[in-house]
Amino acid sequence: MQNINDKMLTGAALLFVGAILFALLVQWWLAPAYQTDNAVLHQRLITGELIVKPWQLNQLLSEDKLKNVALVLLDGAKFEGAKKFGSKTEVSAAAILSQHTLSFLKNKEKVYILAGDESDALAAAWLLQAKGYTNVYALANNPDFIDKSVLNDYKPRWAQTTAEKARYDYNRFFGTSAAQPRSVGSFAVPTGQPQVKKAAGGC
Amino acid sequence: MGPLIPQGFINPDLNLFFAFVIGLGFGYVLEQGGFSNSRKLAGVFYGYDFVVLRVFFTAAITALLGIQLFGYLGWLEVDMLYINPTYLWSIIAGGVIMGFGFILGGFCPGTSMVAAVIGKIDAMFFVIGMLIGIFLFGQFYNIFEPIYMGSFLGNLLVYDSLGLSRDVFVLILVIIALAAFIITRKIEDNVNGLPVAKGLFHPSYTGPFAMMLGLALLLFVLPQRPKAAWNEISADKLLEKLDDPGRYVDTDELAWKLLHPQSNDLFIVDVRKAEDFAQFSLPGSVNIPLADIITPVSLNTLRTASGQPVFVSYSTTDAEAAWLSASRAGVENLKLLKGGLNGFVEDMFVNQYVAKSYEESEQFRQRFRTDARQMFTTGAGIKAKTASPAVVPAAAKPTPGAIGGC
């Protein structure tokens, strides 16, 4: 009897450890080669860490530190202010992970990406950060705005300006009002809070 | 990814059903393991049978290692696990009462039920005694309450209280469990008059010991989480998708579908903050703020959406951010509104569209924009839809749907 119990214990332990090791092997085999966890990167997106705002660019310019920053221009974006940066390269968005781009990024203190659309620059910076190039950031807004309103005629009211901003009174266009019964709680997807139930009992 | 009920994977109404099924399984295993025998259970106090201690230690370290490694693999949200709150006085009093009950009756609550079910008379008396105790506690709760609720210490974790890291604590507990196996086996052999096995421990323990220690050490080597989960999409594939213009929904498509609910196959996900969504939202849209877009509930909502998920924000930026994070997490077939709400307003209301040629499609587009603008501006496109409600995930309710057409 004791012998059977011992064998069962060994067998169960083997199965348990085998299942865990198999799962770890599958994870290692199938997981794509990222250097930054999705949750960590998402946190950077939420906090806006990936986007360089006008005030930050202006500060670098006023402290004469823009020379230490390399610039990546996406998809042939026309940008007069490029000469104020330390170095520059032009790539297409589709080639952002190419060897040419990656070798340009190496040994650079900071790299800013600028595109015709802020979202394209963000996507490029996100991909590179995911691959471990944590010195890469996206420039907010577009080349025209940066040329005119940041590098040449900077006004403090533009300090936080990004493309992601309410620009219209949407209710006026849609014939609606904010007073409509659309409480946030009833329309929002709950974020998975644990349901607290009092535990009871023992073994 | 678990826990399954709090995250909406399993209907909470089935909670008790699963408890019943798991309870049956637990009872069966207890009975098969000999735990319906009070002599076997009481043996731990007299030194002739330590199987109870060994079984519970085995269960503890198996669960401990399993939870940590499942958490690493992303199968389990460890932070969502319920931690029993610590009320110091009730733990001490309850522990003493249960210990006495265990020695006197030869059962603990769970094993007494198992034994009673298979017809053990002593267990039936034990269960009756337990029920009387529960009844008295309920009747005199006011007297017991100061002890029951006394010295609340919160949801404590042992390793936090001891100031240890999680991995160190796991290793220490595994070592303690293995030491308990060795010591109890030697005591047991001694009390039962059996020849004590040579060496530190019984040879049959070598394999399980090595495996459990190995897993505990593995937790040391592994980082808190892997840099990428096995079901994530690679950067190269994401780049290919980013290059695909088909991932955008444009102004005209969205306007047409908002005005023709019967052909609206979109599941509009507004990723702006909740307060912005409360100020204005597109008809039929649901709000999943960018911050919550990769929570298990949100990913499940996107995967099981009744229509084509389309991310919307003020511009394309936050919608793109949501698209990147959710696509990498393995959600297929996501789209976003090109230009966002600002682009939609500019195309539809601010900049009057003028047909570029006399071609039918251009003429149609101009007429459509004019009519759609009027429908939206008068509010006719936003009136509440009273017919069959749109199918949306249980956790999310839509804003009133659009009616009419043009």
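Residues numbered from 1 in each chain as written. Chains lettered and ligands numbered in written order. Predicted model: local features only at pLDDT ≥ 70, side-chain atom pairs only at ≥ 80, totals over all residues. Heavy atoms only, no water.

1. Looking at the overall build of chain B
Where we set the bar: Helix and strand definitions follow DSSP, with helices as H or I runs of at least four residues and strands as E runs of at least two, each counted in order from the N terminus. We take the radius of gyration over the C-alpha atoms and set the globule estimate at 2.2 Å times the residue count to the 0.38 power. Only protein chains enter the accessibility calculation, which uses a 1.4 Å probe. A residue is then buried if its area is under 20% of the maximum for its type, exposed if over 50%, and partly exposed in between.
A count of helices and strands for chain B gives 17 helices and 7 strands. The C-alpha atoms of chain B give 31 Å as radius of gyration, which overshoots the globular expectation for 406 residues (22 Å, by more than 25%). Reported as C-alpha extents along the three principal axes, the dimensions of chain B are approximately 105 × 50 × 40 Å. Going through the 406 residues of chain B one by one, you find that 45% of them count as buried.

2. Brief notes about the confidence of the model for chain B
Residue and element names in this part refer to chain B. Heads up, the rule is: As a per-residue measure, pLDDT reflects the predictor's confidence and takes values from 0 up to 100. A contact between two residues is defined here by any heavy atoms of the two lying within 4.5 Å.
Averaged over every residue, the pLDDT of chain B is 85; the share at 70 or more is 92%. Note that residues 384-406 has pLDDT below 50 and, in this model, 65 contacts with residues that lie over four places away or in other chains. Across the assembled chains, the prediction reports ipTM 0.83 with pTM 0.75.

3. Details of the domain arrangement of chain B
Under the convention used in this document: Each domain's extent is set by a domain assignment, obtained either automatically or from a database.
For chain B, the domain assignment lists domain 1 (12-221) and domain 2 (235-384). The C-alpha-based centres of domain 1 of chain B and domain 2 of chain B are spaced at 53 Å.

4. Points about the environment of Phe220(B)
For Phe220(B), the location among the structural elements is in helix H10 (residues 206-221). The residues touching Phe220(B), leaving out its near neighbours within four places in the chain, are Asp167(B), Val168(B) and Leu171(B).

5. A short note on the nonpolar core
The following threshold applies: Here, the term nonpolar core denotes a set of buried Ala, Val, Leu, Ile, Met, Phe, Trp, Tyr and Cys residues that are joined through side-chain atoms within 4.5 Å.
Judged by nonpolar contacts, the single largest core of 59 residues is most densely connected at Ile96(A), Ile113(A) and Phe311(B). The biggest single contributor to this core is helix H5 (residues 118-130) of chain A, with 9 residues. Counting 27 residues, the second largest nonpolar core, distinct from the first, contains Leu64(B), Leu178(B), Phe181(B) and Leu215(B).

6. Let's talk about the interface of chain B and chain A
Note the following rule: Summed over both partners, buried area is the accessible surface (1.4 Å probe) that two parts give up on being assembled. Here a polar contact means two N or O atoms within 3.5 Å. Within protein one must be a hydrogen donor candidate and the other an acceptor candidate, and residues neighboring in sequence count only if both atoms are side-chain atoms. Only Asp, Glu, Lys and Arg are considered charged, only Ala, Val, Leu, Ile, Met, Phe, Trp, Tyr, Cys and Pro nonpolar, and every remaining residue, Gly among them, polar.
Residue-level contacts link 98 residues of chain B with 73 residues of chain A. For the pair chain B and chain A, the two sides together bury roughly 7,300 Å², of which 68% comes from carbon and sulfur. Between chain B and chain A we count 18 residue pairs in polar contact (both at pLDDT 80 or more) in total. Considering every element that reaches the side of chain B that touches chain A, the biggest residue donor is helix H3 (residues 51-73) of chain B, with 9 residues. Within the side of chain B that touches chain A, the residues separate by chemical class into 62 nonpolar, 23 polar and 13 charged.

7. So, the environment of Leu73(B)
Along the chain, the position of Leu73(B) falls in helix H3. For Leu73(B), a relative accessible area of 4% gives the class buried. Once the C-alpha coordinates of Leu73(B) and Ala229(B) are considered, the two residues, 156 residues apart in sequence, prove to be 7.1 Å apart. With residues up to four places along the chain from it excluded, the contact list for Leu73(B) reads Ala23(A), Leu24(A) and Gln27(A).

8. Description of unusual backbone geometry
Residues and elements named next belong to chain A. For Asp-64, which is not glycine, the phi torsion reads 60 degrees and is therefore positive. Take Asp-64: it is sitting in the loop between helix H3 (54-62) and strand E2 (69-74). Take Asp-64: its relative accessible area is 59%, and that puts it in the exposed class. One non-glycine residue, Asn-107, lies in the positive phi region at around 60 degrees.

9. Quick look at the pairing of E2(A)
Looking down a regular strand, the side chains alternate between one sheet face and the other. Residue and element names in this part refer to chain A. Condition: Should DSSP find at least two bridges between two strands, the strands are regarded as paired.
Of all 6 residues in E2, 6 are buried, a share of seventy percent or more. Residues Val-69, Leu-71 and Leu-73 line one face of E2 and the alternating positions Ala-70, Val-72 and Leu-74 line the opposite face, and both faces are buried. Taken together, the 5 bridges between E2 and strand E4 (residues 110-114) define a ladder with parallel strand orientation. Directly across from Leu-71, in E4, lies its bridge partner Tyr-112.

10. So, the sheet that holds strand E7 (residues 335-337) of chain B
Residue and element names in this part refer to chain B. The strand order across the open sheet formed by 5 strands is E3-E7-E6-E4-E5, and the pairing between neighbours is parallel. Only two strands of the sheet have a single partner each, and these edge strands are strand E3 (248-249) and strand E5 (286-287). Relative to E7, E3 is paired through 2 bridges, and the arrangement is parallel. Its bridge partner being in E7, Val-249 is matched across the sheet by Leu-337.

11. Brief notes about the packing of helix H9 (residues 166-191) of chain B against H10(B)
The relative placement of two packed helices is expressed as an angle between their axes plus a distance between the axes. All names here are of chain B. Formally: Note on geometry: axes are lines fitted to C-alpha atoms, helical ones only across the stretch in contact, with angles between N-to-C directions running from 0 to 180 degrees. Here roughly perpendicular refers to angles of 65 to 115 degrees, roughly parallel to angles under 35, roughly antiparallel to angles over 145, and oblique to all remaining angles.
Across the interface, H9 lies against H10 with an axial gap of 8 Å and an inter-helix angle of 170 degrees. Taken together, H9 and H10 sit at an angle that is classed as roughly antiparallel. Across the interface between the two elements, Arg-166, Asp-167, Val-168, Val-170, Leu-171, Val-174, Ile-175, Leu-178, Phe-181 and Ile-182 of H9 pack against Phe-209, Met-212, Leu-213, Ala-216, Leu-217, Leu-219 and Phe-220 of H10. In the contact of H9 with H10, the residues fall into 15 nonpolar, no polar and 2 charged.

12. Describing the sheet that holds strand E3 (residues 87-91) of chain A
All names here are of chain A. What the 5 strands build is an open sheet, ordered E1-E5-E4-E2-E3; its pairing is parallel. On the outer flanks of this sheet lie strand E1 (51-52) and E3, each paired with one strand and no other. In terms of strand pairing, E4 meets strand E5 (residues 136-139) through 3 bridges, oriented parallel. Paired with Ile-113 across the strands is Ala-138, a residue of E5. Packing of H5 onto the sheet brings it into contact with E1, E2, E4 and E5, and relative to E5 it is tilted by some 175 degrees.

13. With respect to the pairing of strand E6 (residues 308-312) of chain B
Residue and element names in this part refer to chain B. Of all 5 residues that make up E6, 5 are buried, and the element is covered over most of its length. What you see with E6 is no split at all: Gln-308, Val-310 and Val-312 on one side and Pro-309 and Phe-311 on the other are buried throughout. Of the pairings in the sheet, the one linking strand E4 (residues 266-270) to E6 comprises 5 bridges and is parallel in character. Within the sheet, the bridge partner assigned to Asp-270 lies in E6 and is Val-312. With 2 bridges joining them, E6 and E7 adopt parallel strand pairing.

14. Describing helix H16 (residues 340-350) of chain B
The buried count for H16(B) comes to 8 of 11 residues, which makes it a mostly enclosed element. For H16(B), every residue scored as buried is listed here: Gly340(B), Leu341(B), Asn342(B), Gly343(B), Phe344(B), Val345(B), Met348(B) and Phe349(B). Tucked inside the fold, the buried residues of H16(B) contact helix H7 (170-174) of chain A together with helix H12 (251-259), E6, E7 and helix H17 (360-377) of chain B.

15. A short note on the pattern of salt bridges
Any two side chains of opposite charge can pair if their charged atoms end up close together. Put simply, the rule is: Between Lys or Arg on one side and Asp or Glu on the other, a salt bridge is scored when a side-chain nitrogen of the former is within 4 Å of a carboxyl oxygen of the latter.
If you walk through the whole model with that rule in mind, you get 15 salt bridges over all chains. The closest approach of N and O atoms between Lys65(A) and Glu63(A), which form a salt bridge, is 3.3 Å. Its relative accessible area of 41% is what places Glu63(A) among the partly exposed residues. Residue Arg328(B) is joined to Glu232(B) by a salt bridge in which the shortest nitrogen-to-oxygen separation is 2.8 Å. Pair noted here: Arg328(B) is in helix H15 (residues 317-328) and Glu232(B) is in the loop between H10 and helix H11 (235-242), with a separation of 96 residues, a long-range link. A cluster of three or more residues bridged by salt bridges with shared partners is formed by Asp252(B), Arg365(B) and Arg369(B).

16. So, a negative patch on the surface
Which entries qualify depends on this criterion: Put simply, a patch holds well-exposed residues, over 30% relative accessible area, that have no salt bridge, with like charges counted together within 9 Å and Val, Leu, Ile, Met, Phe, Trp or Tyr side chains within 5 Å. What sets the accessible areas is the Shrake-Rupley method with a 1.4 Å probe; for residues, cover comes only from the shown protein chains. The positive count covers Lys and Arg only, the negative count covers Asp and Glu only, and His and the chain ends enter neither. Charge placement uses NZ in Lys and CZ in Arg. For Asp and Glu, CG and CD serve respectively.
A surface patch of negative charge is lined by Asp75(A), Asp236(B), Glu240(B), Asp243(B) and Asp244(B). Turning to its location among the elements, Asp236(B) is positioned in helix H11. Taking relative accessible area as the criterion, Asp236(B) reaches 49% and is therefore assigned partly exposed.

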